[in-house]
Amino acid sequence: MAKVVGDIAVNIERCKGCEVCVGVCPQQVIGMSVEVNGKGYHYAGPVNDKCTGCENCALVCPDGCITVYRMKVEVEQ
Amino acid sequence: MEKTINKEQIRKPENLVYRRTPLLVDVPLSYCPGCGHGTAHRMIMEVIEEMGIQQDTIGIAPVGCSVLAYDFLDIDMQQAAHGRAPALATAIKRLWPDKFVFTYQGDGDLAAIGTAETIHACNRGEHFTMIFVNNGIYGMTGGQMAPTTLPHMRSSTSPYGRDVEIMGFPLKMTELITHLPGTYYVTRQSVHTPANVRKTKKAIRKAFENQKLKKGISFVEIVSNCNSGWKMNAVQANKWMEENMFPFYPLGDLKVDGQIVEKK
Ligand SMILES: Cc1ncc(C[n+]2csc(CCOP(=O)(O)OP(=O)(O)O)c2C)c(N)n1
């Protein structure tokens, strides 16, 4: 059986911490950092491995800081 | 088996499905956190990228928060005096009828100081595209009331809410120009959810494709947030927009291929 796995890469220095991406993720993958970036914003990032690469977060990110990867993997039943 | 997949295996060029389009200049955008201008910019540039018209597109930047659009959009840009973008676009499109020309304007620009330019360009049936970002206030100058400010909506110049008895009624510019013979495609979209972002991109694509037909203005309104001006965070602002802006500015097509869409 094939399964889709994904991952996101956030451009931490460009993230302004608006949190719009957090609510649109169907897998609740995104959380905000405790640390701040160079501009003083808490930045977004994946907090678990449930990402499916659906692109939702990247589409709504006003600053276009999210890059999305997606691949199919075969899993044994 | 599943557990052996690590991030390095997924983050490979062949697995890349979404990245910020290189047609957006690689600099930080000047907008506030969560502002819809950034998403609107990105959708325009994705359309230009997909159509392969980077060399053939000329954009007009307005006065307002998006005045710096020429620093962000990697295409030929001109900056117009406040509200005069449609006049400038008219000249450019008439001189270069085969270029793709668009204006990018806020509501203070397009529906207040630029009302005459907007209406006359739409009525003359010029063949360019207008992108209208409506956040209900003057964002750049500090959140003053705009013609588009909703009844009872607070702004820095209507701190008790817009009283229509004194301050008049909000202007639905998009509905107004729908009824002018010179408009060919009129639609209202938003960029706050993934589904809406996709629809906005489709609308912008259609608006650009329409320029090849030379049948009039294609007008895309994007209802957007101004969380700084509305004094909310971005997530609250998007929710407020859904609850308050959309009932007054309903999303959807108003005119398609020159035919007014009848509302049920
Ligand atoms: C002729 C002239 N009048 C007034 C101004 C001041 N001014 C600058 S931006 C702006 C309003 C812009 O609001 P809007 O078009 O809604 O864009 P936003 O900033 O909300 O994106 C005004 C009135 C100006 N720059 N030029």
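Residues numbered from 1 in each chain as written. Chains lettered and ligands numbered in written order. Predicted model: local features only at pLDDT ≥ 70, side-chain atom pairs only at ≥ 80, totals over all residues. Heavy atoms only, no water.

Caption draft 1: Summary view of the pattern of salt bridges. All names here are of chain B. For the structure on display, the rule yields 20 salt bridges over all chains. A salt bridge links E126 to R124; the nearest nitrogen and oxygen atoms lie 2.6 Å apart. The class for E126 is buried, based on a relative accessible area of 4%. Between R205 and E209 there is a salt bridge, with its nearest N and O atoms 2.8 Å apart. Linking R205 with E209, this pair stays in helix 9 (residues 194–210), spanning 4 residues, or about one helical turn. Look at E209 and you get partly exposed, because its relative accessible area is 25%. Taken together, the salt bridges that share partners define one network made up of E46, E50, K201, R205, E209 and K212. (Salt bridge = Lys/Arg side-chain N within 4 Å of Asp/Glu carboxyl O. Buried < 20%, exposed > 50% of the residue type's maximum accessible area, 1.4 Å probe, protein only. Helix = DSSP H or I, 4+ residues; strand = E, 2+ residues; numbered from the N terminus.)

Caption draft 2: Looking closely at the interface of chain A and chain B. The interface of chain A with chain B comprises 38 residues on the first partner and 36 residues on the second. Here chain A packs against chain B, burying approximately 3,000 Å² in sum over the two surfaces, 59% of which is carbon and sulfur. When the area that chain A buries against chain B is broken down by residue, the three leading residues are A:R14, A:L59 and A:Y69, summing to 22%. Our count for the contact surface shared by chain A and chain B stands at 3 salt bridges. Across the salt bridge formed by B:D26 and A:R14, the nearest N and O atoms sit 2.9 Å from each other. (Contact = heavy atoms within 4.5 Å. Buried area = accessible area lost by both parts, 1.4 Å probe.)

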